[in-house]
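Per-entry structural report
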Amino acid sequence: MQDDKYRIKVGLATCGIASGAAKVYQVMQERLKDSKLKVERTGCLGMCYNEPLVEVIEAGGQSYLYGNLEPKDGLRIIDEHIGHGKPVVELLVLGQEAETDDQNFLEKQHRILLKNCGRIDPEEIQSYIDADGYKGLKKALQQMTPEEVIEEIKSSGLRGRGGAGFPTHLKWSFTRQAGGTQKYIICNADEGDPGAFMDRSVLEGDTHSVLEGMLIAGYAIGASVGYVYIRAEYPLAIHRLKIAIRQAEARGLLGEKILGSDFNFEVIIREGAGAFVCGEETALIMSIEGKRGMPRFRPPFPAQQGLFDCPTSINNVETFANVPRILNLGASTYNVLGTEESKGTKVFALAGKIKRGGLIEIPMGTTINEIVFDIGGGISTGKPFKAVQTGGPSGGCIPAELGDTPMDYESLKKIGAIMGSGGLLVMDEDTCMVDVARYFLSFTRKESCGKCTFCRVGTNQMLKILERITEGEGREEDVDLLVELAEKVKAGSLCGLGQTAPNPVLTTIRYFRSEYDAHVKEKYCPAKKCKSLITYEIDTTACTGCTLCARNCPVDAITGKKKEVHKIDPLTCISCGLCVNSCKFAAVTVDSKPRQLV
Ligand SMILES: Cc1cc2nc3c(=O)[nH]c(=O)nc-3n(C[C@H](O)[C@H](O)[C@H](O)COP(=O)(O)O)c2cc1C
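A brief report on the enclosed structure follows. Keep in mind that what you see is a predicted model, and the values were worked out from it rather than measured. (Residues numbered from 1 in each chain as written. Predicted model: local features only at pLDDT ≥ 70, side-chain atom pairs only at ≥ 80, totals over all residues. Heavy atoms only, no water.)

Quick notes on helix 2 (residues 21-31)
Within helix 2 the residues assigned to the buried category are A21, V24, Y25, V27 and M28. Elements in contact with the buried residues of helix 2: strand 1 (6-11), helix 1 (14-18), strand 2 (39-42), strand 3 (54-58) and helix 3 (71-84). (Buried < 20%, exposed > 50% of the residue type's maximum accessible area, 1.4 Å probe, protein only. Helix = DSSP H or I, 4+ residues; strand = E, 2+ residues; numbered from the N terminus. Contact = heavy atoms within 4.5 Å.)

Details of a positive patch on the surface
Residues R551, K562, K563 and K584 make up a contiguous surface patch of positive charge. Mapping K563 onto the fold places it in the loop between strand 16 (558-559) and strand 17 (567-568). (Patch = residues over 30% accessible without salt bridge, like charges linked within 9 Å, V, L, I, M, F, W, Y side chains within 5 Å. Areas by Shrake-Rupley, 256 points an atom, 1.4 Å probe, with all protein chains shown as cover. Salt bridge = Lys/Arg side-chain N within 4 Å of Asp/Glu carboxyl O. Lys, Arg positive; Asp, Glu negative; His and termini not counted. Charge placed at Lys NZ, Arg CZ, Asp CG, Glu CD.)

A short note on the site of the ligand
Around the ligand, 18 residues are found, and the nearest of them are G162, K171, E191, N316 and T319. Here an oxygen atom of the ligand and a side-chain polar atom of N188 are 2.9 Å apart. The side chain of N316 places a nitrogen or oxygen atom 2.9 Å from an oxygen atom of the ligand. Its free accessible area being 620 Å², the ligand has 89% of it covered by the protein chains. (Near = heavy atom within 4 Å. Polar contact = N/O pair within 3.5 Å; in protein donor to acceptor, adjacent residues only side chain to side chain.)

Overview of the layout of surface pockets
Each pocket or cavity is described by its volume, and for the largest pocket that value is around 1,400 Å³. Lining the largest pocket are 47 residues, with G162, G163, A164, G165 and E281 sitting closest to its centre. For the lining of the largest pocket, the elements supplying multiple residues, two or more each, are helix 8 (168-177), strand 9 (312-316), helix 16 (409-414) and helix 20 (496-500). Of all the elements, strand 9 adds the most residues to the lining of the largest pocket, at 5 residues. (1 Å grid on protein atoms, 1.4 Å probe; cavity = no way out; pocket = protein on both sides within 12 Å on 5 of 7 lines; lining within 4 Å. Points joined across faces, edges and corners; volume = space filled by probe spheres on them.)

A short note on the side chain of S156
As for its placement among the helices and strands, S156 is situated in helix 7 (residues 146-156). Assessed through its relative accessible area of 0%, S156 is described here as buried. Within polar-contact distance, the side chain of S156 engages the backbone nitrogen of L158 at 3.1 Å. Excluding residues that lie within four positions of it along the chain, S156 makes contacts with I326, A331, Y334, N335 and K343.

A short note on the packing of aromatic side chains
Under the defined criterion, the tally for this structure stands at 9 aromatic pairs. Both rings, one in Y49 and one in F105, keep their centres 5.2 Å apart while their planes meet at 65°; by these two values the pair is edge-to-face. Note that Y49 is positioned in the loop between strand 2 and strand 3 and F105 in helix 4 (residues 103-107), a separation of 56 residues in sequence. Of the two residues examined, Y49 and F105, each falls in the buried class. (Phe/Tyr/Trp six-rings, centres within 6.5 Å; stacked < 30°, edge-to-face > 60°.)

As for the sheet that holds strand 5 (residues 92-94)
Backbone hydrogen bonds hold the strands of a sheet together, and the pairing may be parallel or antiparallel. Across the sheet, which stays open at both edges, the 5 strands sit in the order 2-1-3-4-5 with mixed pairing between neighbours. Pairing within the sheet leaves two strands with one partner each, and these edge strands are strand 2 and strand 5. The sheet shows a mean angle of 30° between the axes of neighbouring strands, taken without regard to direction. Where strand 4 (residues 63-66) and strand 5 come together, 2 bridges link them in antiparallel fashion. The residue of strand 5 that forms the bridge with Y66 is L92. (Pairing = 2+ DSSP bridges. Axes fitted to C-alpha atoms, helices over the stretch in contact; angles between N-to-C directions.)

Quick word on the environment of I360
Within the secondary structure, I360 is located in strand 11 (residues 358-363). Each C-alpha atom of the pair I360 and L350 lies 7.1 Å from the other, and the pair is 10 residues apart in sequence. In this structure I360 touches F105, Q109, L114, K346, V347, F348, L350, I371 and I375, once residues within four positions along its chain are discounted.

Quick notes on helix 13 (residues 317-329)
In a regular helix each residue adds 1.5 Å, so 13 residues correspond to 18 Å; helix 13 covers 19 Å between its end C-alpha atoms and thus fits that length. With respect to burial, helix 13 is a largely interior element, 11 of its 13 residues being buried. For helix 13, the N-terminal capping position is held by N316, with its side-chain oxygen 2.8 Å away from the main-chain nitrogen of E318. Backbone geometry just after helix 13 places G330 at a positive phi near 90°. (Expected span 1.5 Å × (residues − 1).)

The quantities given are spatial measurements derived from coordinates; they are silent on function.
And the structure:
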């Protein structure tokens, strides 16, 4: 075995670990314990659908990416590839000999922000420094005034990646211009959107890039303290942040007189309890101050009066991680990417009914169809593509017909959706859009802090209407009533939670009105998803009497002897769907029949 001929990397972000990568890492390390060759730790490469992932890089730079591994596969890679120079072809997902189309996942992406994720060791500062880490900070401190840094960010066109897309340079210059000597930087790592994992992945895979962005922002606005507000459900990201802070302090990159300059900066971690509303900046500030996380009226904006009443600039994880890249590349290189008003790239967490789900980075302006089909490989169920949900619970549902829409702030706004922080949920024809609206509203209703009446009462009333529609109790006037309530909740709510909570309802009504009408007027669910409107039956020609459905039914609604056709009692059936999943002969059918009401 030639120790200097290979490098072995194992993806050990939360997603990799959840799919068993830690065990693969452990057995590989064990097998190599007497060798000089070490197995390296890295973050998420983005191909979550192929995890656990192991990359073998040969001395000449040739890379072999192995996926969907079990511990025994890790050992095979060592024995056959490292030991005998023969790649294990059937385990390859990328590499010369690989017969997969996984290359497509990467080809339409443009990795600036994620360039280190899955490449460097996030727990080793030297690994980051070797990949041009802390060069941006050095440049800012040694060659630029704070005003020049803000000007560079302005030329780059960087807009906040936390959801609203506010120009970053404006926020920074407002905070710089505000009076007072004590100012703060806050990194918003709350990431409350269900289905979103961009910020966690960046923090786990390229931790120092976020710290470097915060340092540069601190220098630009004149702050000496930065807080990272991160949900406690992200223990690995917190662990890596703590390591990164310690290592940066030891290298003189955090603390007093950074890199020999007059700039001092410390970073403090504050763990949040995982409340969605605490991602809203004024609620977040309250939470750091030790108070109940509730939004307050603005103005004054945090840039004037924020944390402990001092001028404060709050940015998202991805926004900060972009900053060192912009300083390294130069604004003029960065701003050629993207569209006229939405510059650079955006990271998305691609999830739902998609073949290649994971973390992707694309130039702004890439279309929805390019993401779903070229990068994502199409619909995992093989059924027709129906819609995407952008922007999480506050976003909008975009129908497949609008798949040519470019993903940029303006284009999405025009069609009633928002970019949001980057959750991208793909749906196929089996998805009931009324039920989707009900699901997201049940989330926002539960997460409403209750401070303002429109949000507290309005979301509750809207949810009640949606529930009765999906239960087949919808009234003729309900859809119009929903629209009226939605407009009022949007206009009357104090913070972004209430102002955007109606978006999934409004967009599903706008693009899928016929589904609402079917539920209300015909008591029928076209997608066959709403439990109260569907019936389960056994196809007598397909049933073999294997008894599996009856054994799995939690309420004993299925009867029938072995090798005889089974029967479902509709009055006992709770429409849980376990019989459909357990039947090996596709003999259980689901139906929802339109009813002509008199
Ligand atoms: C209910 C609610 C939840 C939010 N959650 C987050 C979040 O989890 N992460 C985030 O960065 N921004 C979140 N935001 C947006 C922030 O309030 C804020 O605009 C953002 O952190 C600013 O950073 P940016 O300018 O870099 O985007 C949320 C806003 C609202 C109204």
